[in-house]
Amino acid sequence: MRRMTRREFHRMTMMSAIAAAGAEALGHARSLSQLMAIQRIDGSRLTARLAALSAFGRNPQGGVSRVAYSDADKAARATVMDWMRDATLEPSIDFAANIIGRRAGSSASLPPLLFGSHIDSVPEGGNFDGDVGSVAAIEVARWLAEQRVTTRHPLEVTIWSNEEGGIIGSRAVSGQLATAELANVSSSGKTIADGIRFLGGDPSRLAAVKRAKGSIAGYFELHIEQGGILDTAGIKVGIVEGIVGIRQWDVTIEGFANHAGTTPMNQRHDAMLAAARFIEMVNRVVTSEPGRQVGTVGRLQAWPGAPNVIPGKVICSLELRDLDDAKVARLFDRIKTEAVAIGALNQTTFSYTPLHENVAAPSDPRMRGIIADAAKALGLSTRVMPSGAGHDAQALAQLGPMGMIFIPSVGGISHAPKEFSNAADIVNGANVLLGAVLAADRAI
Ligand code: GLV
Ligand code: MN
Ligand code: MN
């Protein structure tokens, strides 16, 4: 007899889990081939809904500017809640303005299994970041409803609020959101507190959304890679080994505003010049040691902001990321020390206001194995890889086992209107999510 290939073996293992889930719910056994045929989400509805979502906040470049707490965000959320109702989920908005769509399991005593993503975007963002995982999660729920499959665990499809502004909704749930952050001004112009209220949450009651460690069975998130590793290598599915820690600050540089025509060059306390030296220094410090750490100054504003006035004050952002939180802390210390020397060059001062911190999060080895099996059952190539982008999954990793599925981003472009993923890859990712949810429901 011919020995089974590795792929056939994985496929059989996965299919038997799926077969058992289906059989349990339907009360009769289905053959492997029948289940193979039905274990597919509706790819054309998925891609049509992604296209429909892209109309909310569409920008002239063809992407979206659907920043959290904007009118476009609110309108898109209403549509997504309708899609959840179609999938017989019962959506509600929690106090942190997360949308949670619930589906009962057969065992009420088991903790819920969560999966989802976000639908807010960066300013001038693309149509795939967050949207793919959100719409796919709803399609998975819809498949379960159509196939009349009841999972053991209760399921929750989660659309987290304000992911791009510092995974705000998911960190409220993991208990990592500091009260002081509520006063920060988001990209919408609203404070986070006002934004949460605008979407139907209640920032004064965030303590009630906090969940305890161990209170979830697990969390899966499907997402575009946002980098070019999978696309370049021609690999279909990334299995995330961990998500980088991210720390952000507002850096205030104080000098002295003065006349740009009458103040000699050697008598200026030019905050903008200090900012320019600071930006160059951040790049030098971050690249001075081996590793995948990154550092960015992505926002800068000068006061009073006139061509004929030497800037007296600049506020710029500083962001540092790495899988090792200790490395990020070390780099920040070096940057602060070097900034003091930069300030001494023209009598300017630097001070730092933390914006937020997402701690680095490894994924769970069992969840990685489940994703690998689900991908193999579908004949999809995989690679284990880190995530340089932040995700709600890193907050959920504080509560229970977390697994993330990546699909290729064409050209590695993201956070830009040209962000793109192929429909076939998106549908593959959604089917891997479906297989992983079914398998995890049985295994954990
Ligand atoms: C979120 O997309 C981030 O990585 O900033
Ligand atoms: Mn995202
Ligand atoms: Mn993003």
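Structure: above.
The shown structure was predicted, so the numbers you read here are calculated from the model rather than taken from an experiment.

Trainee: Mind laying out the overall build of the protein chain, listing which residues take part and the relevant values?
Mentor: Along the backbone of the protein chain there are 13 helices and 16 strands. Expected size for 444 residues packed as a compact globule is a radius of gyration near 22 Å; at 24 Å, the protein chain falls within 12% of this value. With the C-alpha coordinates aligned to their principal axes, the bounding extent of the protein chain is approximately 85 × 50 × 40 Å. Counting every position in the protein chain, which comprises 444 residues, the buried fraction comes to 53%. If you take every contact in the protein chain between residues at least 6 apart in sequence, the share linking residues at least 24 apart comes to 80%. Working note: accessible area of the protein chain is about 18,100 Å², and carbon and sulfur atoms make up 54% of it. Of the side chains in the protein chain, 45 bear a positive and 43 a negative charge, and the two mean positions are spaced by 5 Å.

Trainee: For the coordination of the manganese ion (ligand 3), give the residues involved together with the corresponding values.
Mentor: Within the protein, Asp129 (OD), Glu164 (OE), Glu164 (OE) and His415 (NE2) serve as the donor atoms for the manganese ion (ligand 3), at 2.0 to 2.7 Å. As a motif over one chain, the donors of the manganese ion (ligand 3) read D-x34-E-x250-H. Between the manganese ion (ligand 3) and the manganese ion (ligand 2), a spacing of 3.5 Å is present, and a bridge between the two is formed by Asp129. Highlighted residues: Asp129 in the loop between strand E3 (113-118) and helix H5 (131-146) and Glu164 in the loop between strand E4 (155-160) and helix H6 (168-174), separated in sequence by 35 residues. For Asp129, a relative accessible area of 6% gives the class buried.

Trainee: Report on helix H11 (residues 365-377), specifying residues and quantitative values.
Mentor: Here H11 is 13 residues long and its end C-alpha atoms lie 18 Å apart, about the 18 Å a rise of 1.5 Å per residue gives. Its side-chain oxygen placed 2.9 Å from the backbone nitrogen of Arg366, Asp364 serves as the N-cap of H11. Positive phi shows up at Gly379, right after H11, with a value of about 75 degrees.

Trainee: I'd like a rundown of empty space enclosed by the protein, residues and numbers included.
Mentor: One pass over the full model with this rule turns up two cavities of 30 Å³ or more. Its boundaries defined by the atoms lining it, the largest cavity holds a volume of some 40 Å³. Those elements that provide at least two residues to the lining of the largest cavity are helix H4 (71-86) and E4. The class makeup of the residues in the lining of the largest cavity is three nonpolar, two polar and three charged. Here the second largest cavity is characterised by a volume of approximately 30 Å³. Around the second largest cavity sit Asp120, Ser121, Val122, Gly125, Gly126, Asp129, Glu164, His415 and Glu419, which together line it. For the lining of the second largest cavity, a count of residues per class yields one nonpolar, four polar and four charged.

Trainee: Describe in detail the side chain of Glu289, supporting the description with residues and values.
Mentor: Examined against the element boundaries, Glu289 turns out to sit in the loop between helix H9 (271-286) and strand E9 (294-296). Look at Glu289 and you get buried, because its relative accessible area is 19%. Within the local environment of Glu289, its side chain forms a polar contact with the side chain of Arg330, the two groups lying 2.6 Å apart. When residues no more than four places from it in sequence are discounted, the contact partners of Glu289 are Lys327, Arg330, Leu331 and Arg334.

Trainee: A description of H4 should follow, citing residues and the corresponding values.
Mentor: For H4, with 16 residues, the first-to-last C-alpha span of 23 Å sits near the 22 Å given by 1.5 Å per residue. Looking at H4, one finds that the buried residues are Ala72, Asp73, Ala76, Arg77, Val80, Met81, Trp83 and Met84. Elements in contact with the buried residues of H4: helix H3 (43-53), strand E1 (90-93), strand E2 (99-103), H5 and E4.

Trainee: Give a detailed account of the environment of Asn184, specifying residues and quantitative values.
Mentor: Secondary-structure assignment places Asn184 in the loop between H6 and helix H7 (192-198). A relative accessible area of 23% means that Asn184 is categorised as partly exposed. Residues Asn184 and Pro123, spaced 61 residues apart in sequence, show a C-alpha to C-alpha distance of 17 Å. Setting aside residues up to four positions removed in sequence, Asn184 forms contacts with Lys190, Thr191, Ile192 and Leu355.

Definitions and cut-offs
Residues numbered from 1 in each chain as written. Chains lettered and ligands numbered in written order. Predicted model: local features only at pLDDT ≥ 70, side-chain atom pairs only at ≥ 80, totals over all residues. Heavy atoms only, no water. Helix = DSSP H or I, 4+ residues; strand = E, 2+ residues; numbered from the N terminus. Rg over C-alpha atoms; globule rule 2.2 N^0.38 Å. Buried < 20%, exposed > 50% of the residue type's maximum accessible area, 1.4 Å probe, protein only. Contact = heavy atoms within 4.5 Å. Areas by Shrake-Rupley, 256 points an atom, 1.4 Å probe, with all protein chains shown as cover. Lys, Arg positive; Asp, Glu negative; His and termini not counted. Charge placed at Lys NZ, Arg CZ, Asp CG, Glu CD. Donors = N, O, S within 2.8 Å, 3.2 Å for Na, K, Ca; no water. Expected span 1.5 Å × (residues − 1). Polar contact = N/O pair within 3.5 Å; in protein donor to acceptor, adjacent residues only side chain to side chain. 1 Å grid on protein atoms, 1.4 Å probe; cavity = no way out; pocket = protein on both sides within 12 Å on 5 of 7 lines; lining within 4 Å. Points joined across faces, edges and corners; volume = space filled by probe spheres on them. Nonpolar A, V, L, I, M, F, W, Y, C, P; charged D, E, K, R; others polar.

Keep in mind these numbers describe shape, not what the thing actually does.
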